[in-house]
Amino acid sequence: MLQKLKQNQFLFEELVKRDFKKKYKRTILGMAWSMLSPLLMLLVMKLVFTQFFGRNMDHYTTYLFCGTLIFSYFSEATSQGMASLMNNGAIFSKINVPKYLFLLSKNVQTLINFGLTLIIFFIFCMLDGISFTWKFILLLFPIACLVLFNLGVGMILSAWFVFFRDIQYLWGIFTQLLMYMSAIFYTIEQYSYTVQCAFLLNPVYLFIRYFRKIVIESTIPTIWFHLLMLADVGIVLLIGCWMYKKYNHRFLYYL
Amino acid sequence: MSVLQLKNVSIRYITGDFKEIGLKEYVVRRLKHDYHVTEFWANRHITFSLEKGDMLGIIGSNGSGKSTLLKAISGIMRPTEGTVYHEGTIAPLLELASGFDGDLTVKENAYLRGAMLGYTRKFMDDMYDSIIDFAELKEFEHRPFKQLSSGMKSRLAFSIASLVHPDILILDEVLSVGDGAFRKKSEAKMREIIKGGATTILVSHSLSQIRELCNKILWLHKGKQIAFGDNVQEICDQYQAFLNGKITL
């Protein structure tokens, strides 16, 4: 068992290296570019929406950045994870390897990207006059949840993608819709209480809101909020593991 | 005690128009009860066992399920029915030239492949030089893999995969890898592994090779097991007669 773990560790490291090299093409600029795209997104949103939503709100830049930071990580990790089984099909039909490692390494790669963007996020927070408190440590909770959540969604999507190629486009449309429903550039206070509660059904919104609570309002969300997040993550992970187990061999038999 | 035991192994493929249509069309067809798939058994009720040191030859015309059976034995596929039991390590030398990454260098690909085959990093560090020497790719070491010719790719794949001294060795016509000189070298390597006492399974269309090397033989036809036994010459004769159209199944 221990030996098996060690063997898999070698494969895992090599896979992460491969994804890293392929993504950044061995250039510094490649790395910078992947951080640049969320920043550009942020810039455009800031220019466009400050007029409408940012007028009577403090720290609107940070508010926006919380949203784009979380959401771009979510959409990148899930769309990359989706292709992880499909793209390596040639390997799976020749060599008996644990397939989940391919998904895991893609997730590590997007996590690194998220980490880099997170550093820039903190720099922006400083520029925006946010005071750093010990509560920032609690941000580890939504980050850990988000990593697992993305992993679960990735498992579900990668299993589907093997059978249905149009999942890619459907998921693209879905994430776009989800983005507009995640209150990235607007606030939800104008809505009625029922609608505000409905926002809580969106797991991505929960992560974004957690970040905003800690960073902007410097308050810790309620215990129920934590439990709700954990429940979302748990459900998605369970479905993901079940689907992975059920389908990870099966696509070899479909011609 | 058998090293490898297959009991009533059957593998089913499913063919149909699900991959092209996508999820939207799938849902529509499901609702209209217009969704069809056909089953296709690549292997049906295959039962045999091998002892340590056996050399099994698998014969059969194209599409008889040889490669699928090898995949089941090496654990890539799980049998739809039946069980595969084996002892010790299995090294499948299937057609391995695919699955490399064109953007990575030859060296990076070698390590990645080694990791996939379950080697340790230390083992790869120790063996890397002899791998690259055996594949005769020293001067291409740091080139992107896509610049290699297909013969070179196969050579690298073979060199990495043949490093081990497995308990069960699976050969899917890889004896014909690369150019003439490399083929000789790879055959010598094969024989060395076989002499080391490995139980070997060989898929070949060359009956003379099977007659010469194997002490057991399995004949597959359209997924069915026609014959299995240690009367190699006799079954080869029958198969030859079948190929010549003298007998029909």
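Since this is a predicted model, take the numbers as computed values, not measurements.

1. A word on the overall build of chain A
Thought 1: The helix and strand tally for chain A stands at 11 helices and zero strands.
Thought 2: Counted from the first residue to the last, chain A has its helices and strands arranged as α-α-α-α-α-α-α-α-α-α-α.
Thought 3: Scaling as 2.2 N^0.38, a compact globule of 255 residues should have a C-alpha radius of gyration of about 18 Å, and chain A matches this with 19 Å.
Thought 4: Within the span of chain A, comprising 255 residues, buried residues form 35% of the whole.
Thought 5: Summarising the internal contacts of chain A: among those between residues at least 6 apart in sequence, 81% fall at separations of at least 24.

2. Points about the overall build of chain B
Thought 1: The helix and strand tally for chain B stands at eight helices and nine strands.
Thought 2: In terms of overall dimensions, chain B has a C-alpha envelope of 55 × 55 × 35 Å along the principal axes.
Thought 3: Residues counted as buried form 39% of the 249 residues belonging to chain B.
Thought 4: In chain B, 73% of the contacts between residues at least 6 apart in sequence involve partners at least 24 apart.

3. Concerning the pairing of strand S9 (residues 224–229) of chain B
Residues and elements named next belong to chain B.
Thought 1: Bridge count between strand S8 (residues 216–221) and S9: five bridges; the pairing is antiparallel. Directly across from Trp-219, in S9, lies its bridge partner Ala-227.
Thought 2: Counting the residues between successive antiparallel strands, the hairpin from S8 to S9 contains two residues, one of them, Lys-222, with a positive phi of roughly 50 degrees.

4. Brief notes about the interface of chain B and chain A
Thought 1: With 30 residues of chain B at the contact, the number on the chain A side is 26 residues.
Thought 2: Residue composition of the side of chain B that touches chain A, by class: 15 nonpolar, eight polar and seven charged.

5. Some remarks on the nonpolar core
Thought 1: Of all hydrophobic cores here, the largest spans 119 residues; its most connected members are Ile-70 and Phe-207 of chain A together with Leu-56, Ile-170 and Ile-217 of chain B.
Thought 2: For this core, the element with the most residues is helix H3 (residues 60–82) of chain A, which contributes 12 residues.
Thought 3: Apart from residues lying up to four places away in sequence, Ile-170 of chain B is in contact with Leu-70, Ile-73, Ser-74, Ile-90, Ala-91, Pro-92, Leu-93 and Ile-201 of chain B.

6. Details of the packing of H3 of chain A against helix H6 (residues 100–127) of chain A
All names here are of chain A.
Thought 1: Between H3 and H6, the shortest axis-to-axis distance is 9 Å and the interhelical angle comes to 170 degrees. Of the possible angle classes, the one that applies to H3 and H6 is roughly antiparallel. Counted together, Thr-61, Thr-62, Phe-65, Leu-69, Tyr-73, Glu-76, Ala-77, Gln-80 and Gly-81 of H3 and Leu-103, Lys-106, Asn-107, Thr-110, Asn-113, Phe-114, Thr-117, Leu-118, Phe-121, Phe-124 and Cys-125 of H6 form the full contact between these two elements.
Thought 2: Split into classes, the residues belonging to the contact of H3 with H6 amount to 10 nonpolar, eight polar and two charged.

7. Topic: the pairing of strand S3 (residues 55–59) of chain B
All names here are of chain B.
Thought 1: Among the five residues of S3, five are classified as buried, and the element is accordingly described as predominantly covered.
Thought 2: The alternating pattern of S3 places Met-55, Gly-57 and Ile-59 on one face and Leu-56 and Ile-58 on the opposite face, and all of these are buried.
Thought 3: As defined by bridge partners, S3 adjoins strand S7 (residues 199–203) across four bridges and the pair is classed as parallel. Residue pairing across strands places Gly-57 opposite Leu-202, the latter belonging to S7.

8. So, the packing of helix H7 (residues 140–163) of chain A against helix H8 (residues 167–180) of chain A
Residues and elements named next belong to chain A.
Thought 1: Contact geometry for H7 and H8: axes closest at 9 Å, N-to-C directions at 140 degrees. Viewed along their axes, H7 and H8 adopt a mutual orientation that is oblique. Residues Leu-157, Trp-160 and Phe-161 of H7 lie in contact with H8, whose contacting residues are Ile-167, Gln-168 and Trp-171.

9. Focus on helix H6 (residues 180–195) of chain B
Thought 1: The end-to-end C-alpha distance of H6 of chain B, which contains 16 residues, comes to 23 Å, matching closely the 22 Å that a straight helix rising 1.5 Å per residue would cover.
Thought 2: Downstream of H6 of chain B by a residue or two, Gly-197 of chain B has a phi angle that is positive, lying close to 95 degrees.

10. A short note on the confidence of the model for chain B
Thought 1: For chain B, the mean per-residue pLDDT works out to 85, and 96% of the residues sit at or above 70.
Thought 2: This complex was scored by the predictor with a pTM of 0.87 and an ipTM of 0.82.

11. Some remarks on unusual backbone geometry
Thought 1: Of note in this structure, Ser-218 of chain A is not a glycine but carries a positive phi near 55 degrees.
Thought 2: In this fold, Ser-218 of chain A is placed in the loop between helix H10 (203–217) and helix H11 (223–247).
Thought 3: Classification of Ser-218 of chain A by C-beta neighbours within 10 Å gives partly exposed; the count is 13.
Thought 4: One non-glycine residue, Lys-222 of chain B, lies in positive phi territory at about 50 degrees.
Thought 5: Position of Lys-222 of chain B among the secondary structure elements: in the loop between S8 and S9.
Thought 6: Looking at Lys-222 of chain B, the number of C-beta atoms within 10 Å reads 14, which means it is partly exposed.

Rules of the game
Per chain, residues are indexed from 1 in the order of the written sequence. Lettering of chains starts at A and numbering of ligands starts at 1, both following the order in which they are written. Local features in this predicted model are restricted to residues whose pLDDT is 70 or higher, and side-chain atom pairs enter the listing and the counts only when it is 80 or higher, whereas totals over whole chains, interfaces and linings include all residues. Here a helix means four or more residues in a row that DSSP labels H or I, a strand means two or more in a row labelled E, and each is numbered from the N terminus. Computation of the radius of gyration draws on C-alpha atoms, with the globule rule given as 2.2 Å multiplied by the number of residues to the power 0.38. Buried residues are those with 20 or more other C-beta atoms within 10 Å of their own C-beta, exposed residues have 12 or fewer, and partly exposed residues lie in between; C-beta atoms are placed from the backbone. Each residue gets a C-beta atom placed from its backbone, and two residues are in contact if those atoms lie within 7 Å. In this analysis, strands are considered paired if DSSP registers two or more bridges between them. Gly counts as polar in this scheme, as do all residues outside two lists: the nonpolar Ala, Val, Leu, Ile, Met, Phe, Trp, Tyr, Cys and Pro, and the charged Asp, Glu, Lys and Arg. Any set of buried Ala, Val, Leu, Ile, Met, Phe, Trp, Tyr and Cys residues joined through C-beta atoms within 7 Å is what this text calls a nonpolar core. Axes here mean lines fitted to C-alpha atoms, for a helix over just the part in contact, with angles spanning 0 to 180 degrees between N-to-C directions. Any angle from 65 to 115 degrees is called roughly perpendicular, while one under 35 is roughly parallel, one over 145 is roughly antiparallel, and all others are oblique. Multiplying 1.5 Å by the helix residue count minus one yields the expected span of that helix. Known as pLDDT, the predictor's per-residue confidence is scaled from 0 to 100.

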